[in-house]
Amino acid sequence: MRYHIWTIGCQMNEADSRRLAAALEQLGYEPAARAEDADVIVLNTCVVRQQAEDKVYGRLSSLRPLKARRPDTVIGLMGCLVGRRNSEHLRERFPWVDVFAPPSDPTPLLDHLAERGLAEMGRALRAEDAARRIPGPFLLSCQAQGSQVTAYVPAVLGCSHACTYCIIPYRRGPERSRPADETLAEARALVAQGVKEITLLGQIVDRYGYDLPRQENRTPLVGLLEQLHEIEGLERIRFLTSHPSWMTDELLEAAARLPKVCEHLEVPVQAGDDEILARMRRGYTADDYRRLIARARAIVPGVSIATDIIVGFPGETEAQFQRTYDLLTELRLDKAHIARYSPRPQTLAARRYPDDVPPEEKERRRKVLDELQARIAGEINARLVGQTVEVLVEGKKKNRWWGRTRTDKLVFFEDARDLLGQQVPVRITWAGPWSLIGETGSR
Ligand code: SAH
């Protein structure tokens, strides 16, 4: 029996797919590289923009003839296309899908396999309480054991912030933190299987623990980082995504103080204009963001910062777009993911504001910012040439090892030794906006 999981979207989806793969392997399934060769095919989906949703529909359509040919194949649809509510409309639209599972919860899939007698261990798994929400013993798939160097660990599920453009709260449900012991148990299990770097995940990861019993006047995420830090064998810790309003000094100080916590923040600004930010309901101004970046740079020496931007939000004028351009020019961040606004069902923006920036104009704005950011990132990275950086080696592609610096920069280098999972000093010889090339002095 073989399984195939197709994943698109955010890191949370990657984490969910990793857990599902492990759960399926516990049932005796083996991985198949191609959907055509699998008995169970799962699509783990994203709907954050129309483009992602369309890719899912494309993939779904391509499975229809396969299902017609081999009706015994189990086809599962998981993630944000399904959401946490009733999936009747999807059942009608995609009758060749056998089972629907919400984000971060493969239980319906596992139950379905058990019901069809396709899972000998199904009952044992279901008996585990933790498996109700997230599968139990936190194993890596066989393929990944010993070869997977980095792993995502969900800390906060869902989101309650309700930015007006964002569909995530409607599909992933309200914000809820995982208990610390469960989160730590998962991290420990991953490290025991060879993982060296853990990234804690949440839509607003800095809000971790505010809904759990806690000590007053402390940022609960700091407590979790401190406990993670104790795990022997774990070498690096990251957390994402941050929200500008929730990055306390205490959190920044922890990032500076705890050696395993990397000097890298992912903190989306989304726009540089206050009126747009207000209509997005982000809850801060461009000046608040400027102050945050200044604080982060003062408290965490050498910090690298990534941001997200949406261009062409409803009503965005040329002058308002220019303020985003100016902000990026001024702040010189290390990375920016630029997305064209895509109206999403149920969101306040889609219901209230006409999508009035034409597609060509959105694309023009996206390109302008992309080019600006490429120039900035190229200049920032060029300063690394000649320097030696610590790279955690994650894999090998075409004779070259690749890995990341603590500041999340991708580095390629050649070296004949087996360096997988090791931290290696690499002298940078070439730098581009998206990656670096270096050498170890040993070939
Ligand atoms: N919770 C995180 C990530 C949300 S989704 C946050 O605080 O931002 C990842 C990115 O997708 C967002 O940062 C945003 O830039 C983009 N995005 C979300 N909804 C979008 C939409 N409707 N159209 C275009 N981009 C969107």
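What you are looking at is a predicted structure, and each value in this text was computed from that prediction instead of being measured.

### Quick notes on the overall build of the chain
Stage number 1. Looking only at helices and strands, the chain has 14 helices and 18 strands in total.
Stage number 2. In terms of its C-alpha atoms, the chain occupies a principal-axis envelope of roughly 60 × 55 × 50 Å.
Stage number 3. The buried share among the 443 residues of the chain stands at 56%.
Stage number 4. In the form shown here, the chain has an accessible surface area of approximately 19,000 Å², with 50% of it arising from carbon and sulfur atoms.

### Let's talk about the site of the ligand
Stage number 1. Taken together, 15 residues lie near the ligand, and Y165, Q203, Q270, D308 and S342 sit nearest.
Stage number 2. Taking Y165, its main chain carries an N or O atom lying 3.0 Å from a nitrogen atom of the ligand.
Stage number 3. Between the ligand and Q270, the relevant distance is 2.7 Å, taken from an oxygen atom to a side-chain nitrogen or oxygen of the residue.
Stage number 4. For the ligand, the protein covers 89% of the area, taking 530 Å² as the surface of the free molecule.

### Some thoughts on the domain arrangement of the chain
Stage number 1. Domain annotation for the chain reports domain 1 (2-132), domain 2 (150-382) and domain 3 (388-439).
Stage number 2. Contact residues are listed per partner, giving 23 residues for domain 2 and 17 residues for domain 3.
Stage number 3. Taken together, the two surfaces of domain 2 and domain 3 that pack against each other cover about 1,500 Å², and 43% of this comes from carbon and sulfur.
Stage number 4. At the junction of domain 2 and domain 3, the tally comes to 17 residue pairs in polar contact (both at pLDDT 80 or more).
Stage number 5. Put simply, the parts of the chain that give the side of domain 2 that touches domain 3 at least two residues each are β10 (236-240), β11 (264-266) and α14 (359-382).
Stage number 6. Per-element accounting of the side of domain 2 that touches domain 3 gives the leading share, six residues, to α14.
Stage number 7. Here the residues of the side of domain 2 that touches domain 3 are counted per class, giving seven nonpolar, six polar and ten charged.

### Overview of the environment of L228
Stage number 1. Tracing the sequence through the fold places L228 in helix α8 (residues 220-229).
Stage number 2. Judged by its relative accessible area of 1%, L228 falls in the buried class.
Stage number 3. Note: C-alpha distance between L228 and K260 (32 residues apart in sequence) is 9.2 Å.
Stage number 4. When sequence neighbours within four positions are dropped, the list of residues in contact with L228 reads L184, A187, L200, L234 and I237.

Criteria and thresholds
- Residues numbered from 1 in each chain as written.
- Predicted model: local features only at pLDDT ≥ 70, side-chain atom pairs only at ≥ 80, totals over all residues.
- Heavy atoms only, no water.
- Helix = DSSP H or I, 4+ residues; strand = E, 2+ residues; numbered from the N terminus.
- Buried < 20%, exposed > 50% of the residue type's maximum accessible area, 1.4 Å probe, protein only.
- Areas by Shrake-Rupley, 256 points an atom, 1.4 Å probe, with all protein chains shown as cover.
- Near = heavy atom within 4 Å.
- Polar contact = N/O pair within 3.5 Å; in protein donor to acceptor, adjacent residues only side chain to side chain.
- Domains from an automatic or database assignment.
- Contact = heavy atoms within 4.5 Å.
- Buried area = accessible area lost by both parts, 1.4 Å probe.
- Nonpolar A, V, L, I, M, F, W, Y, C, P; charged D, E, K, R; others polar.

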